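A structural walkthrough
Spelled out from the first residue to the last, the chains are:
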Amino acid sequence: MNMSPASLANLYEEEFKQDMAALKVLPPTVYVRVTETIPQIISFIEGIIANGHAYSTAQGNVYFDLQSRGDKYGKLVGVVPGPLGEPVDSDKRHASDFALWKAAKPQEVFWASPWGKGRPGWHIECSTISSLVFGSQLDIHSGGVDLAFPHHENEIAQCEAFHQCKQWGNYFLHSGHLHVKGKEEKMSKSLKNYITIKDFLKTFSPDVFRLFCMRSSYRAAIDYSDGTMLEAKHLLLVVAAFVEDARAYMKGQLVCGPIRDDVLWERLCHTQEAVKAALADDFNTPAAVDAIMDLIHHGNRQLKARTKEPGGPRSPAVFGSIVSYIKQFFETVGISLADRQLVSEDSSRATLHSVVEELVRFRLKVRQFALATEAATREAGRQQLLDRQPLLEACDTLRQDLAAHGISIKDRSSTSTWELLDHRTQDHKPGS
């Protein structure tokens with residue numbers, strides 16, 4: 001490939017940004033590249049040497065002197081694995097010392113430094129860049145569980161040696177790996193057991209992927225399979241269906257029995273407390289999702305449709321509050337339960353919306369006419385319904401045909417509502 005290393009890196013960087021945007025991952029406040037901070041990395045290494053925690057060698061390498069840390073090294077993982085076997089010609093003072101600067105090898109990319117031509121070590125890059133952005137102390141540091149040692153442990157050693165502080169990072173959050181279901185190995189390009197984000201999004205939506213991730217602790221390994229993704233999709237459909245039914249009830253389109261709003265207010269309060277407690281417990285998202293789904297279960301028990309309008313007061317306020325809270329929860333974690341306005345993002349979608357609206361309205365009039373019985377006698381009424389049966393069958397056929405194109409129509413007691421379905425996951429997007 002006739003391309004410079006910088007151009008190649010930029011190509012993959014842009015692909016990464018596009019994939020993250022497709023997954024609805026918010027971009028960072030600032031992008032910092034190692035190749036653009038080499039002078040700062042060299043200065044950082046010089047500071048560690050000046051503070052007595054690193055040394056250079058005649059071969060042009062610079063190493064961190066672990067013995068200078070005493071018993072401070074290993075505070076993150078508790079037990080430090082022993083050093084790997086070193087080459088016979090190693091120029092380290094101690095086998096456990098790690099590289100801050102590596103002398104250049106033939107045909108490698110290199111930069112000039114006080115120690116000769118070379119490149120930064122793996123760990124020093126992160127220590128320098130995080131210090132440039134956040135200063136001498138970091139509140140929260142995150143990464144995969146496999147980075148705890150040696151990478152994060154070495155970052156701590158470097159930063160505390162440079163800044164001469166007792167504690168550089170306050171919290172480290174280590175996430176589990178994405179595994180292929182039934183295997184102990186993580187999903188990895190090197191193992192050829194992966195699916196690209198672009199290919200994944202042809203089948204499932206980013207909202208389904210987020211809910212899939214939330215059903216496991218961020219610390220735990222998570223098994224990826226079509227089955228686990230379908231389970232997450234089903235849960236999201238349950239949420240969307242409840243929101244649609246609750247809205248229909250609030251509009252008077254869904255006829256139910258008497259609503260125990262006292263029970264629902266209590267369940268809403270209980271859910272709010274449970275979700276807050278779960279997220280305060282090391283971001284326990286599985287418990288938070290379970291609490292939300294339990295609230296939806298109680299709401300659905302109250303929204304049992306009836307064919308006739310019951311007497312007594314209606315209770316739209318409690319369902320309005322429940323829907324508002326559920327939407328807020330999912331929007332906070334980046335899952336969209338889109339309103340109708342968000343479906344019509346361009347003129348073609350707006351036109352589709354209007355056409356479907358008119359079609360559903362016309363179908364409703366036909367269906368109401370077919371079900372109406374104006375005949376004087378019961379026998380005449382039965383004959384009238386029989387004569388109009390083809391109209392009802394045509395209405396049912398239209399509903400089934402539209403469902404195949406991602407448009408779901410629900411017939412309620414006195415009206416009909418509809419919603420668009422995401423073609424990848426059949427995610428409900430409210431229509432009318």
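Above this note sits the structure.
The text that follows walks through the structure, step by step, so that each part is easy to find. As a convention, each chain's residues are numbered from 1 in the sequence order in which they are written. Local features are withheld for residues below a pLDDT of 70 in this predicted model, meaning they are given only at 70 or higher, and side-chain atom pairs are given and counted only at 80 or more; totals for whole chains, interfaces and linings count all residues. Note: side-chain values were computed over all heavy atoms of the structure, leaving out hydrogens and water.

1. A word on the nonpolar core
Rules: By nonpolar core we mean a set of buried residues, namely Ala, Val, Leu, Ile, Met, Phe, Trp, Tyr and Cys, connected to one another through side-chain atoms within 4.5 Å. To sort residues, take the accessible area from a 1.4 Å probe on protein chains only and compare it with the maximum for the residue type: under 20% means buried, over 50% means exposed, and anything in between is partly exposed. Under the scheme used here, helices are H or I runs from DSSP no shorter than 4 residues and strands are E runs no shorter than 2 residues, and both carry numbers assigned from the N terminus. Contacts are assigned to residue pairs with any non-hydrogen atoms lying within 4.5 Å of each other.
Residues Phe242, Ile292, Leu303, Phe319, Ile322, Ile326 and Phe330 are the most contacted members of the largest nonpolar core, which totals 48 residues. Among the secondary structure elements, those contributing two or more residues to this core are helix H6 (206-214), strand S8 (222-224), helix H7 (226-250), helix H8 (261-280), helix H9 (285-302) and helix H10 (316-332). The element that contributes the greatest number of residues to this core is H7, accounting for ten residues. Beyond its immediate sequence surroundings of up to four residues, Phe319 is in contact with Phe242, Ala246, Tyr249, Met250, Ile259, Leu264, Gly299, Gln302 and Leu303.

2. Focus: helix H4 (residues 148-163)
The condition that has to hold: Here the expected length of a helix is defined as 1.5 Å per residue gap, with one fewer gap than residues.
Between its first and last C-alpha atoms H4 spans 21 Å; for 16 residues at 1.5 Å apiece the expected length is 22 Å, and the two agree. The buried count for H4 comes to twelve of 16 residues, which makes it a mostly enclosed element. Contact partners of the buried residues in H4: helix H2 (38-50), strand S2 (62-64), strand S3 (98-103), helix H3 (122-134), strand S5 (138-144) and strand S6 (169-175). After H4 finishes, the residue Gln164 shows a positive phi value of roughly 55 degrees.

3. Re the sheet that holds S2
Our working rule: In short, DSSP must find at least two bridges between two strands for them to pair. Fitted lines through C-alpha atoms give the axes, limited to the stretch in contact for helices. The angle between two N-to-C directions lies from 0 to 180 degrees.
Pairing is antiparallel in the open sheet, where four strands are placed in the order S1-S2-S3-S4. Two strands close off the open sheet at either side, each with one partner strand: strand S1 (54-56) and strand S4 (118-120). On average, adjacent strands in this sheet sit at an angle of 20 degrees to one another, irrespective of strand direction. Bridge count between S1 and S2: three bridges; the pairing is antiparallel. Across the sheet, Ala54 pairs through a bridge with Phe64, a residue of S2.

4. As for H9
Put simply, the rule is: Contacts described as polar in this section are N or O atom pairs within 3.5 Å, which, within protein, must combine one atom able to donate a hydrogen with one able to accept it, while residues neighboring in sequence count only if both atoms come from side chains.
For H9, spanning 18 residues, the distance from its first C-alpha to its last is 26 Å, which sits close to the expected 26 Å at 1.5 Å a residue. Turning to H9, its buried residues number three or more, namely Thr285, Pro286, Ala288, Val289, Ala291, Ile292, Met293, Leu295, Ile296, His298, Gly299 and Gln302. Packing partners of the buried residues in H9 comprise H6, H7, H8 and H10. Backbone nitrogen of Ala287 and a side-chain oxygen of the N-cap are separated by 3.3 Å at the start of H9; the cap is Asn284.

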